[in-house]
Amino acid sequence: MTTSDVPPDGSAVDPALPARIAAAILAASREGPPLVSCSVIAAPAGHPAQPGDKMLVFQDGETLGALAGAALHDAVRHAALAAIPRHAVETAFFTPAGEGLTGRRAVAEAAEVVEVLMEVVEPAATLLVVGGGHVGRAIGEIGAILGMSVAVLDDREDYANRDRFPFADQVICGDFARELDRFPITANTFVVLVSRGHKVDELGLARVVGRGAAYVGMIGSKRRTRTVLEHLAAAGVDAAALERVFTPIGLDIRAETPEEIALAVLAEITLVRRGGGGRPLSAHGQRLASAL
């Protein structure tokens, strides 16, 4: 038994808690909604919370298990809720009194530190690739490498089949409008429109925009994509939803080949999922980027 089994209010310990925690993690990983597994990985000697202590924080703010010390418990709970939209796996640092420590200097200067590993547990993100051409195939393949659940849609059998997309969880061959209307889109869905022409991309965008996806991106030049957005706005599609479309798509790495384009797109999707500035981390890289 660890101190995480003991609620902050000192109420009775639930002997079935470890099994309940395991069951909740399994359910979240399969079906959602997401939760955050919070595990103490380092703490000062003598602090009530010690390495191995664990609690779960659910999306609605409820907890299962507890970290000893009410202030630490509450601080970790609030930090865990903030981690859910970032789909984060990260180590958070706190003082024994529950004060959050941000930045290396703050952690280094603190007299005592409690380290907590926070892992968002949720089903694999869905990557919906609309268009099974060369770019779509490369995007789907890299998405699968990143652990995403890949679905590919095209209305041509030669471009939507298992031989072409062996790494995909779903390969859908059918009418774009019908299949997109019935495809389940959630806050953990990332949609990439890379079909064979702007008319199909416009049709696809009209079917997915405003449905709550975490990311909707459409390939094309600035002129072409601007025309598509103007058409949809004139047709009455919500302007605020159109403003959230990523187009032209991807980060600017001067991508040319399908594989490079896919890399740029998945880098942008990762930025949206995890956060970040999209700039080189090294000083030299930043100088090069500034010179471009």
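Right, let's walk through the structure included here. Bear in mind that the values here come from a model prediction, so they are computed numbers and not experimental data.

## Quick notes on the pairing of strand E10 (residues 189-193)
Most of E10 is tucked away: 5 of the 5 residues are buried. Residues Thr189, Val191 and Leu193 of E10 are buried on one face, and the alternating residues Phe190 and Val192, pointing to the opposite face, are buried as well. Sheet analysis places strand E7 (residues 126-130) next to E10, joined by 5 bridges and oriented parallel. For Leu127, the partnering residue across the bridge sits in E10 and is Phe190. Across 4 bridges, E10 lies against strand E11 (residues 215-218) in parallel orientation.

## A few points about unusual backbone geometry
Cis peptide bonds are those with omega within 30 degrees of zero, and the linkage from Gly32 to Pro33 qualifies with -5°. The residue Pro33 is located in the loop between helix H1 (17-31) and strand E1 (35-42) in this model. Here the amide bond leading from Thr247 into Pro248 is cis, since omega sits at -10°, within 30 degrees of zero. The topology assignment puts Pro248 in the loop between helix H8 (239-243) and helix H9 (258-274). If you check the backbone angles, His87 has positive phi at about 55° while not being a glycine.

## Considerations on the pairing of strand E8 (residues 149-154)
Across the 6 residues of E8, 6 count as buried, placing the element largely inside the fold. Here E8 shows a buried face lined by Ser149, Ala151 and Leu153 and a second buried face lined by Val150, Val152 and Asp154. In this structure, E7 lies alongside E8, joined through 5 bridges in parallel fashion. Opposite Val129, over in E8, you have Val152 as the bridge partner. For the segment spanning E7, helix H4 (residues 134-145) and E8, crossover handedness is right-handed. Pairing of E8 with strand E9 (residues 170-173), which is carried by 4 bridges, proceeds in the parallel orientation. When the bridges of E9 are listed, Asp154 appears paired with Cys173.

## Thoughts on the pattern of salt bridges
The full count for this structure, using the stated rule, is 9 salt bridges. For Glu90, the salt bridge goes to Arg86, with nearest N and O atoms at 2.4 Å. Of the residues examined, Glu90 reaches a relative accessible area of 26% and is grouped as partly exposed. We note a salt bridge from Arg137 to Glu141, for which the minimum N-O separation is 3.2 Å. Highlighted residues: Arg137 and Glu141, both in helix H4, separated by 4 residues, approximately one helical turn. Its relative accessible area of 26% is what places Arg137 among the partly exposed residues.

Cut-offs used in this document
- Residues numbered from 1 in each chain as written.
- Predicted model: local features only at pLDDT ≥ 70, side-chain atom pairs only at ≥ 80, totals over all residues.
- Heavy atoms only, no water.
- Buried < 20%, exposed > 50% of the residue type's maximum accessible area, 1.4 Å probe, protein only.
- Helix = DSSP H or I, 4+ residues; strand = E, 2+ residues; numbered from the N terminus.
- Pairing = 2+ DSSP bridges.
- Right-handed = clockwise from strand over helix to strand, strands pointing away.
- Salt bridge = Lys/Arg side-chain N within 4 Å of Asp/Glu carboxyl O.

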